[in-house]
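Listed here are the chains, written in short residue letters.
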Amino acid sequence: MPSVKLKHHSPSPETITSSSFDSVRLLSRETLRISASLASPPDDDLPLLSPPSPDSQFLHSTLRLICCEEIDGRRFKYVAETDGSSGGFKKNSFRAISLHSPQTPFDEVGSFLRSYVVPEGFPGSVNASYVPYMTWRALKHFFGGAMGVFTTQTLLNSVGASRNSSASAAVAINWILKDGAGRVGKMLFARQGKKFDYDLKQLRFAGDLLMELGAGVELATAAVPHLFLPLACAANVVKNVAAVTSTSTRTPIYKAFAKGENIGDVTAKGECVGNIADLMGTGFSILISKRNPSLVTTFGLLSCGYLMSSYQEVRSVVLHTLNRARFTVAVESFLKTGRVPSLQEGNIQEKIFTFPWVDDRPVMLGARFKDAFQDPSTYLAVKPFFDKERYMVTYSPTKGKVYALLKHQANSDDILKAAFHAHVLLHFMNQSKDGIPKLMEQSDPAFAPMEYELESRIAESCEMVSTSYGIFKSRAAEQGWRMSESLLNPGRARLCHVNEGE
């Protein structure tokens, strides 16, 4: 299979002489000056913004609309004030103006509750039977929770506690509070929503880590029995969060094993294997407990075995879809070798020790406009490269990240292409850090290398994406990756046409 040759237009550091440095610097500065003048539209091209009353200080004709953004149904206008003397924009005049009035407390509470009790995109993301099913399910759990109070009290009485004993009542209340705290923790973590579909391996392993943490907190109650209730509640919260993670990721994992309409059979047998192993582990612990081993040592060894097994468990799952971690593996391999890894290779190389709620990735997909651009001139200079695309990418030298912004009409293939383009740009920017920019920083520390290099790197990445994106898709399909079901979990912000925000 032929490999894709990457074109690198940057000369190697060894071949650059002092005279060529001067030529490159002069040419770069002239290119930036011309690009800035072309990217900054004349005064008549940008419409005047009629700002809301809170922003009455922007009543000057120099205020220009830069971009319009929508996120979760709320729209924002990004405006900046032009500087007549320089032809650019005044410093620190770039800001966002919300086009919506603040939500009422009632609306905020309703939005908060919906984020916990209904799936994202409801009602369009589920079919009509979801509401009656969940209504009856809620009623079932209501009666079950009420019944649990009486069963707990009966169990305590059956082991010798008197019905009229105040101690018995206190124990029952403590036990019920412990279980109630666990249910609250389970409910709060359910807000992770689609992350259970996107990053199920990472969340599954994180859930097992939490399970061991909860077990450790339970053991700590023996050292401080007077703190039994707060420690037991904390342990139950952590363990119930782990239980939500295990339950939510179980079905997608079993679905990856099933080859036909046998997902129920695969799930039942998998749970049976787990229960058998659990019973065997219980019997093993009863045998070794008779020898009175060290509690801390035994717990440490068993926890190491549990976590090692959990890590190998999630690594062994071969998923056909591309989440961010597997997509990164596939694109990086394609850029370096020209080939897309197989399903087995891609899943093995996927990083498990990453947590989806930590936004420290070098590529931000579906980013907010205010995070990607701090200067309107940079946006106006980059924008022409993506007039025919439903996305745009840029690089922030201060943050060291590539930002992929999605336009309002972006579909699943546009999101996939935006992510691919972002990784290509990151690849070129990382190469720049190891080449010319370092030498130029040494020769002229006051010169910011990214100022002259960003536009050329974006142009270079656009050229490569136009020729190699189709090749990447076809080779990924040959390896068995389901490109149409990419689970890249983009942000919800979308760029709108300026005319739509008028």
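Residues numbered from 1 in each chain as written. Predicted model: local features only at pLDDT ≥ 70, side-chain atom pairs only at ≥ 80, totals over all residues. Heavy atoms only, no water.

Going by the annotation in an unreviewed UniProt entry, the name recorded for the protein chain is Protein root UVB sensitive 6 isoform X2, with Camelina sativa given as the source organism.

Attention shifts here to the overall build of the protein chain. Regarding its fold elements, the protein chain presents 16 helices and nine strands. Taken over 502 residues, the protein chain has a buried fraction of 38%. Long-range contacts, defined as pairs at least 24 residues apart, comprise 71% of the intrachain contacts of the protein chain with a sequence gap of at least 6. Surface accessibility of the protein chain: about 28600 Å² in total, with carbon and sulfur atoms responsible for 60%. (Helix = DSSP H or I, 4+ residues; strand = E, 2+ residues; numbered from the N terminus. Buried < 20%, exposed > 50% of the residue type's maximum accessible area, 1.4 Å probe, protein only. Contact = heavy atoms within 4.5 Å. Areas by Shrake-Rupley, 256 points an atom, 1.4 Å probe, with all protein chains shown as cover.)

Here we take up the pairing of strand β7 (residues 401-406). Counting buried positions along β7 yields six of six residues, so the element is predominantly enclosed. Residue alternation in β7 divides its side chains into two sets, Lys401, Tyr403 and Leu405 and Val402, Ala404 and Leu406, and both sets are buried. Alignment of strand β5 (residues 363-365) against β7, held across three bridges, turns out to be parallel. Its bridge partner being in β7, methionine 364 is matched across the sheet by tyrosine 403. Of the pairings in the sheet, the one linking strand β6 (residues 391-396) to β7 comprises six bridges and is antiparallel in character. (Pairing = 2+ DSSP bridges.)

Glancing now at the pattern of salt bridges. Across all of its chains, the model carries 14 salt bridges by this definition. The partner of arginine 75 in a salt bridge is glutamate 70, with the nearest N and O atoms 3.1 Å apart. Accessibility expressed as a relative area gives 18% for arginine 75, which makes it buried. Taking the shortest distance from any N to any O, the salt bridge between glutamate 389 and lysine 417 comes out at 3.2 Å. Taken together, the residues span a long stretch of sequence, with glutamate 389 in the loop between α13 (376-382) and β6 and lysine 417 in helix α14 (residues 412-433) at a distance of 28 residues. Residue class for glutamate 389 comes out partly exposed when judged on its relative accessible area of 24%. Assessed through its relative accessible area of 18%, lysine 417 is described here as buried. The network of salt bridges with shared partners includes Lys201, Arg326 and Glu350. (Salt bridge = Lys/Arg side-chain N within 4 Å of Asp/Glu carboxyl O.)

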